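# Structural description and commentary
Single-letter residue listing:
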Amino acid sequence: MSREAPLVGLDLGSTTVRVVVATPTEGGSELQILGVGEHSADGISKGAITSIEDAISSISGALEQAERMTGVPVTHAYVGINGTHISSQEVHGVVAVAKADGEIREEDVERVIEASQTMVSPSNVEILHVIPRTFTVDNQKGVKDPIGMSGIRLEVDAQVIQGLTAQVKNLTKCVYRTGVEIDELVLGVLAASEAVLTKRQKEIGVALLNIGASTSSLMVFEEGDVLHAGIIPVGAGHITNDIAIGLRTSIDVAERVKLDFGTAMPEEVGKRDEINLAEIDPKESGVVSRKHVAEIIEARVAEIFSMVDKELQKVDRSGLLPAGLILIGGGAKLAGLVEVAKREFRLPAAVGNPLNLITAIDKVHEPEYATAVGLAAWGAALQRGGARQSKFSTVNDVIGKLRGWVKNITS
Ligand SMILES: Nc1ncnc2c1ncn2[C@@H]1O[C@H](COP(=O)(O)OP(=O)(O)OP(=O)(O)O)[C@@H](O)[C@H]1O
Ligand SMILES: [Mg+2]
């Protein structure tokens, strides 16, 4: 791809497909947004494709909208991948340094990273990312960049992020069928971190939590590296479902109740505060207590947060991340959520908005756009190359394999 071609981020959510078309500014520190597109998502649930035809039409709808705005057809995209089939694993690799004088070269680093992947055994998974954390040169631990150092034995500790082959293939197939080539498949929340987190936050320790409609995905960073990734099958859509059941209303009415009157903090709502359902939908009748709605929300939020905290406990970081918790995704906009997060996690918390953008399109600053913007930012960072590339060396040969596979089945 030429340097001038715009970067496209494609985020396949359970409720909304979002496209962001952007170009890096001179110097690369900012992204200029050229256009966006969005379409309600059918055929996608919890990051998995449930209907290929429906998913293709939703993706096409979002792409067309972005194309109308920019006047340029979308031919390539960085595509986000999400879903509970994705898991992360610690791996370790060891190789002997190839050169006789013992100077470590890029090829040695590539070989050791490749060696670490042999620990990932099941045949039904595809490796999406291999993120080296630290290297060991002979017995010196904690080496960040071993290239040029002298040594005989090179080791790496890395984080591997993998997904189920079948799910990866279905997603890839849908995107190709819309006529778009995939530059790279990137774990959604990892891409989002490019857009909303600062280098300093990743350095001192931070958790990024994307609360979507059907999933909540977490990524923990420390010392600039990925420490952990976890995807939980519960999101803000479950809050809507709980309200629908609790109030015995339709899902659409429950969603409006949540957006217009919902809060995660029942203690802030007066006892006499009431919602007239007929004002939302004339077919409904009766009044409901706003406090009752808040209690329903609070219960589900507590469940999501306790599942997230379990993920933090897995890496011994519960209550221990100095830069706290950054919340993105549509669910992050729920009233009172940040306050509850501070209390429950015993950490600083804030909503994450995409940073360093030049745009007149307001909605890209919203937390639900973090993933789509992050995917374009990921592309920009790859183009810049350099230090970052060696840090997040992404092994996406899955794309090459799948391209061949999709061509076979569609021709
Ligand atoms: N202002 C708001 N207050 C509360 N909730 C909101 C608000 N805006 C959006 N949401 C909720 O956010 C959810 C949608 O978020 P988002 O668009 O990030 O999900 P998605 O990407 O489609 O889903 P997923 O990532 O799980 O596949 C919905 O449940 C919606 O009700
Ligand atoms: Mg999402």
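All figures in this text were calculated on a predicted structure; none of them were measured in a lab. (Residues numbered from 1 in each chain as written. Chains lettered and ligands numbered in written order. Predicted model: local features only at pLDDT ≥ 70, side-chain atom pairs only at ≥ 80, totals over all residues.)

Quick look at the overall build of the protein chain now. In terms of helices and strands, the protein chain carries 13 helices and 19 strands. Taking 2.2 N^0.38 as the reference for a compact globule, 411 residues should give roughly 22 Å; the C-alpha atoms of the protein chain span a radius of gyration of 22 Å, in line with that estimate. For the C-alpha atoms alone, the extent of the protein chain along its principal axes is close to 80 × 50 × 45 Å. Looking at the protein chain residue by residue over its 411 residues, the buried ones come to 47%. (Helix = DSSP H or I, 4+ residues; strand = E, 2+ residues; numbered from the N terminus. Rg over C-alpha atoms; globule rule 2.2 N^0.38 Å. Buried ≥ 20, exposed ≤ 12 C-beta atoms within 10 Å, placed from the backbone.)

What follows is about the nonpolar core. Val19, Val20, Leu187, Leu208, Leu327, Val373 and Ala376 are the most contacted members of the largest nonpolar core, which totals 117 residues. Residue contributions to this core reach at least three from each of two domains, namely domain 1 (87-161) and domain 2 (199-352). For leucine 208, the residues in contact, after removing those within four places along its chain, are Val189, Ala192, Ser193, Val196, Leu197, Met219, Ile326, Ile328 and Gly352. (Core = buried A, V, L, I, M, F, W, Y, C linked by C-beta atoms within 7 Å. Domains from an automatic or database assignment. Contact = placed C-beta atoms within 7 Å.)

With that out of the way, let us pick up the site of ligand 1. Contacts to ligand 1 come from 24 residues, most closely from Gly13, Ser14, Gly212, Ala236 and Gly330. Elements with a contribution of two residues or more to the shell around ligand 1: α6 (236-247) and α7 (251-261). For the shell around ligand 1, the residue count by class is five nonpolar, 15 polar and four charged. (Near = placed C-beta within 6 Å. Nonpolar A, V, L, I, M, F, W, Y, C, P; charged D, E, K, R; others polar.)

Whether parallel or antiparallel, the strands of a sheet pair through hydrogen bonds between backbone atoms. Read across the sheet, five strands follow the order β14-β13-β12-β17-β18 without closing on themselves; strand pairing throughout is mixed. Both edges of this open sheet fall to β14 (225-232) and β18 (349-351), since each of them pairs with a single strand only. For this sheet, the mean inter-axis angle between neighbouring strands, taken without regard to orientation, is 20°. Sheet topology places strand β12 (residues 206-211) next to strand β17 (residues 325-328); four bridges connect them, and they run parallel. Bridge pairing in β17 places alanine 207 opposite leucine 325. Each of β17 and β18 is contacted by helix α10 (residues 337-345), which is oriented at about 155° to β18, the strand it contacts most. (Pairing = 2+ DSSP bridges. Axes fitted to C-alpha atoms, helices over the stretch in contact; angles between N-to-C directions.)

This paragraph deals with the sheet that holds strand β3 (residues 31-40). The mixed open sheet is built from six strands, whose spatial order is β11-β6-β1-β2-β3-β19. Strand pairing shows two members of the sheet lacking a second neighbour, β11 (181-187) and β19 (357-358), which therefore form its edges. As paired elements, strand β1 (residues 7-12) and strand β2 (residues 16-24) share six bridges and run antiparallel to each other. Each residue of the ladder has a partner; that of valine 8, found in β2, is valine 21.

The subject of this paragraph is the domain arrangement of the protein chain. When cut into domains, the protein chain gives domain 1 (87-161) and domain 2 (199-352). On a C-alpha basis, the centroid separation for the pair domain 1 and domain 2 is 38 Å. Taken residue by residue, the interface counts five residues in domain 1 and four residues in domain 2. Mapped onto the side of domain 1 that touches domain 2, the elements with two or more residues apiece are β8 (125-137) and β10 (153-164). Broken down by class, the residue content of the side of domain 1 that touches domain 2 amounts to two nonpolar, two polar and one charged.

With that settled, the discussion passes to the packing of helix α1 (residues 52-70) against helix α3 (residues 165-177). Between α1 and α3, the shortest axis-to-axis distance is 9 Å and the interhelical angle comes to 50°. Compared by their axis directions, α1 and α3 come out oblique. Once α1 is placed against α3, the crossing between them reads as right-handed. Residue-level inspection shows Ile52, Ala55, Ile56 and Ile59 of α1 in contact with α3, the latter providing Asn170, Lys173, Cys174, Val175 and Arg177. Residues belonging to the contact of α1 with α3 are distributed by class as follows: six nonpolar, one polar and two charged. (Parallel < 35°, antiparallel > 145°, perpendicular 65-115°, else oblique. Left-handed = near helix turned anticlockwise from the far one by under 90°.)

In this section: unusual backbone geometry. Negative phi values dominate among residues other than glycine, just as trans dominates among peptide bonds. Of note in the backbone geometry, lysine 46 takes a positive phi value of approximately 50° without being a glycine. Mapped onto the fold, lysine 46 is located in the loop between β4 (44-45) and β5 (48-49). With phi around 55°, asparagine 356 is a residue other than glycine that occupies positive phi space. In this structure, asparagine 356 sits in the loop between β18 and β19. C-beta crowding within 10 Å serves as the criterion here: with 14 such atoms nearby, asparagine 356 is assigned to the partly exposed category.

A few words now on helix α11 (residues 370-384). Counted at 1.5 Å a residue, the expected span for α11 with its 15 residues is 21 Å, and the 20 Å between its end C-alpha atoms agrees. Taken together, the buried positions of α11 are Ala370, Thr371, Ala372, Val373, Gly374, Leu375, Ala376, Ala377, Trp378, Gly379, Ala380 and Ala381. Looking one or two residues beyond α11, the residue adopting positive phi is glycine 385, at roughly 65°. (Expected span 1.5 Å × (residues − 1).)

A word on the environment of aspartate 316. By the secondary structure assignment, aspartate 316 is in the loop between α9 (290-314) and β17. The exposure class assigned to aspartate 316 is exposed, which follows from the 9 C-beta atoms found within 10 Å. As a C-alpha pair, aspartate 316 and arginine 153 span 163 residues in sequence and 30 Å in three-dimensional space.

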